[in-house]
Amino acid sequence: MRKLHIALVVSIVLNLFLAGALVAGIVSLKTGSRMINAGSLRIAGSELPKSVRRPFRAALREARRSMRPTVVQARTAKSEAAALLRQPRVDQPAVMAALDRARVADMAVRAAVEARAVAYAATLAPEDRATVADAMQRRAVRIPQAVE
């Protein structure tokens, strides 16, 4: 009888966990607020009015999509570095070269996304540009404090 009670409790806990995950997934899909990796510009754009924010995020998404081959290069280089680290003897220059390639690709993607964000922001009304600038400034001030 005791085993049955334990199994029942475990089942209830598991079902509650799964129900919570399902609700969180539904809420996430309904809100439609997908995160786009564009650093502080994406975060700054989140404070724009909804009518401007959606096209801003779409522009960032398109810029990232256009850089897909470069994203794949970065991931491949990181995987190569990880594989090299698994070897019995670590070839440090080879690992660093792979990580350098990944970093260059990551920076190229970031530069392209930021360039698209700035081009879009330049088309905004002055008050919306000020909103983006203020959010970027707050983010820039916050970052060094987090490092300390």
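Summarised in this report is the structure supplied together with it.

### Details of the packing of helix 3 (residues 50–66) against helix 4 (residues 68–86)
Then comes step 1: Taken N-terminus to C-terminus, the directions of helix 3 and helix 4 make an angle of 60 degrees; their axes are 4 Å apart at the nearest point. Taking contact as the criterion, the partners of R64, R65 and S66 in helix 3 are, on helix 4, R68, P69, V71 and R75.
Then comes step 2: Class assignment for the residues of the contact of helix 3 with helix 4 results in two nonpolar, one polar and four charged.

### As for a nonpolar patch on the surface
Then comes step 1: Together, L8, I12 and L16 make up an exposed nonpolar region whose accessible area comes to about 310 Å².
Then comes step 2: Tracing the chain through its elements places I12 in helix 1 (residues 2–31).

### Comments concerning the nonpolar core
Then comes step 1: Formed by 15 residues in total, the largest nonpolar core has its most connected members in L48, F56, Y120 and L124.
Then comes step 2: Of all the elements in the fold, those that place two or more residues in this core are helix 3 and helix 5 (92–121).
Then comes step 3: Setting aside anything within four residues of it in sequence, one finds L124 in contact with L48, V52, R129 and V132.

### Side note on the packing of aromatic side chains
Then comes step 1: Inspection of the entire model under this criterion finds one aromatic pair.
Then comes step 2: An angle of 55 degrees between the planes, with centres 5.8 Å apart, marks the rings of F56 and Y120 as tilted. Of this pair, F56 sits in helix 3 while Y120 sits in helix 5, placing them 64 residues apart in sequence. As far as burial versus exposure is concerned, F56 and Y120 are alike and both buried.

### Observations regarding the packing of helix 4 against helix 5
Then comes step 1: Where helix 4 meets helix 5, the closest approach of the two axes is 8 Å, and the angle between their N-to-C directions is 160 degrees. The pairing of helix 4 with helix 5 is recorded here as roughly antiparallel in orientation. The interaxial crossing formed by helix 4 with helix 5 has left-handed handedness. Taking contact as the criterion, the partners of T70, V71, A74, A77, K78, E80, A81, L84 and L85 in helix 4 are, on helix 5, A94, V95, A98, L99, R101, A102, A105, D106, A108 and V109.
Then comes step 2: Its residues assigned to classes, the contact of helix 4 with helix 5 shows 14 nonpolar, one polar and four charged.

About the thresholds
- Residues numbered from 1 in each chain as written.
- Predicted model: local features only at pLDDT ≥ 70, side-chain atom pairs only at ≥ 80, totals over all residues.
- Heavy atoms only, no water.
- Axes fitted to C-alpha atoms, helices over the stretch in contact; angles between N-to-C directions.
- Helix = DSSP H or I, 4+ residues; strand = E, 2+ residues; numbered from the N terminus.
- Contact = heavy atoms within 4.5 Å.
- Nonpolar A, V, L, I, M, F, W, Y, C, P; charged D, E, K, R; others polar.
- Patch = residues over 30% accessible without salt bridge, like charges linked within 9 Å, V, L, I, M, F, W, Y side chains within 5 Å.
- Areas by Shrake-Rupley, 256 points an atom, 1.4 Å probe, with all protein chains shown as cover.
- Salt bridge = Lys/Arg side-chain N within 4 Å of Asp/Glu carboxyl O.
- Core = buried A, V, L, I, M, F, W, Y, C linked by side-chain atoms within 4.5 Å.
- Buried < 20%, exposed > 50% of the residue type's maximum accessible area, 1.4 Å probe, protein only.
- Phe/Tyr/Trp six-rings, centres within 6.5 Å; stacked < 30°, edge-to-face > 60°.
- Parallel < 35°, antiparallel > 145°, perpendicular 65-115°, else oblique.
- Left-handed = near helix turned anticlockwise from the far one by under 90°.

That's the geometry; what it means functionally is another story.
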